[in-house]
Amino acid sequence: MFETVNSKVVKVDVGQAGGVVARSGAMLFYTGQVAFAPHQIPGGGGGMGGGGLMRMAGSMMAGEHQRTMLARGNGVVHYGFAGLEVHVVHMQPGAVMRVEASRLLAQTAGLQASVVSVASSGGGGGGGGGLMGALRGAAAGVATGTGMFTTQLSGQGSAVLLAHGGFLELPVGGANPIVVDPQAFVAAYGNVQTELKSAMGWRDAVGRGAGEAMQLHCHGQGVVYVQASEEKL
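Residues numbered from 1 in each chain as written. Predicted model: local features only at pLDDT ≥ 70, side-chain atom pairs only at ≥ 80, totals over all residues. Heavy atoms only, no water.

1. Examining the overall build of the protein chain
- In terms of helices and strands, the protein chain carries 5 helices and 15 strands.
- Within the protein chain, counting contacts between residues at least 6 apart in sequence, those at least 24 apart form 81% of the total.
- Accessible surface, the protein chain as shown: approximately 10,500 Å² in total, 53% of it carbon and sulfur. (Helix = DSSP H or I, 4+ residues; strand = E, 2+ residues; numbered from the N terminus. Contact = heavy atoms within 4.5 Å. Areas by Shrake-Rupley, 256 points an atom, 1.4 Å probe, with all protein chains shown as cover.)

And the structure:
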């Protein structure tokens, strides 16, 4: 499906892939007959009803996902974004990947995508969904400088991740968790649960970077992708 051209560009045969969803502005050039149309990730439209808090959470959700375009037809499209490093992940049936919305370049259209609260990551982080999950996710996002919501992909297909400074692929499954700076976190693949923990008291954290004050503990079975930088994308 996706083929790496160099460290910053991928190409894909749109017809063979069954369509491609990519962030707006990522298409570099294409050959053949390809059509592009706006695409909406389920859960990314901010459609929460109910009272003021629910509407606020919905607005946060709408603001966290990236605008995307759906490419269909018969041709080859080259994708890249802002000179960032790219990494292709081939997903197996039944697998799940959660990725920061700003660090997802593209995915095959057959993957199921949704926007979820960071507080419910992996089902083991204890945040829950709905209003409380959204608000806990908002608090986590403010504390760490990362997004309040994240994109969840599932099914069989391929996705392309973005990173500043290159990728580290860290296996999860040992006796001890992998502890990640939230600003360096890119994605988690497999049965990986994430838990945001304070590394020090709030008084001690004043004047320090978010990664020093908060840490993302990853445990379970799978892979965590980390960028070699704390720079936001």
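Moving on, there is more to tell.
2. Some details on unusual backbone geometry
- With a phi close to 55 degrees, Ala-82 is a non-glycine residue in the positive phi region.
- Among the structural elements, Ala-82 can be located in the loop between strand 5 (68-79) and strand 6 (85-91).

3. Let's talk about the packing of aromatic side chains
- Tallied over the entire structure, the rule returns 1 aromatic pair.
- Above the plane of the ring of Phe-81 lies Arg-23, whose end atom (NZ or CZ) is 3.9 Å from the centre. (Phe/Tyr/Trp six-rings, centres within 6.5 Å; stacked < 30°, edge-to-face > 60°. Lys NZ or Arg CZ within 6 Å of the ring centre and 35° of its normal.)

4. Examining the environment of Ala-159
- Structurally, Ala-159 is set in strand 11 (residues 157-163).
- C-alpha separation for the pair Ala-159 and Ala-22, spaced 137 residues apart in sequence, amounts to 9.5 Å.
- Excluding residues that lie within four positions of it along the chain, Ala-159 makes contacts with Phe-2, His-87, Val-88, Val-89, Met-97, Leu-104, Ala-106, Gln-107, Leu-111 and Leu-153.

5. Some thoughts on the environment of Ser-102
- Looking at where Ser-102 falls in the secondary structure, it is placed in the loop between strand 7 (96-99) and strand 8 (104-108).
- Judged by relative accessible area, Ser-102 falls into the buried class, the value being 17%.
- Separated by 61 residues in sequence, Ser-102 and Ala-163 place their C-alpha atoms 9.5 Å apart. (Buried < 20%, exposed > 50% of the residue type's maximum accessible area, 1.4 Å probe, protein only.)

6. Observations regarding the side chain of Ser-158
- Considering the arrangement of structural elements, one finds Ser-158 in strand 11.
- When its relative accessible area of 2% is taken as the criterion, Ser-158 is described as buried.
- A polar contact of 2.9 Å, which involves the side chain of Ser-158, links it to the side chain of His-90.
- In contact with Ser-158, not counting residues within four places along its chain, are Met-1, Phe-2, Val-89, His-90, Gln-107, Thr-108 and Leu-111. (Polar contact = N/O pair within 3.5 Å; in protein donor to acceptor, adjacent residues only side chain to side chain.)

7. So, a nonpolar patch on the surface
- Taken together, the side chains of Met-27, Leu-28, Phe-29 and Tyr-30 make up a nonpolar region of the molecular surface, amounting to roughly 360 Å² of accessible area.
- As for its position among the elements, Leu-28 is in strand 4 (residues 27-39). (Patch = residues over 30% accessible without salt bridge, like charges linked within 9 Å, V, L, I, M, F, W, Y side chains within 5 Å. Salt bridge = Lys/Arg side-chain N within 4 Å of Asp/Glu carboxyl O.)

8. As for the side chain of His-78
- On the secondary structure map, His-78 appears in strand 5.
- Taking relative accessible area as the criterion, His-78 reaches 14% and is therefore assigned buried.
- Excluding anything up to four places from it in sequence, His-78 contacts Val-5, Val-9, Val-10, Lys-11, Ala-26, Met-27, Leu-28 and Phe-29.

9. Focus: the environment of Gln-92
- Note on placement: Gln-92 falls in the loop between strand 6 and strand 7.
- Residue Gln-92 is classed as partly exposed on the basis of its relative accessible area, which comes to 47%.
- Each C-alpha atom of the pair Gln-92 and Gly-155 lies 6.8 Å from the other, and the pair is 63 residues apart in sequence.
- Apart from residues no more than four positions distant in its own chain, Gln-92 is found in contact with Gly-155 and Tyr-189.

10. Quick word on the confidence of the model for the protein chain
- Put simply, the protein chain has an average pLDDT of 79, and 69% of its residues get 70 or more.
- In this model, residues 53-64 is a region of pLDDT below 50 whose contacts with residues beyond four sequence positions or in other chains number 30 contacts.
- Taken as a whole, residues 123-139 scores under 50 in pLDDT and shows 30 contacts with residues more than four places along the chain or in a different chain. (pLDDT = per-residue confidence, 0-100.)

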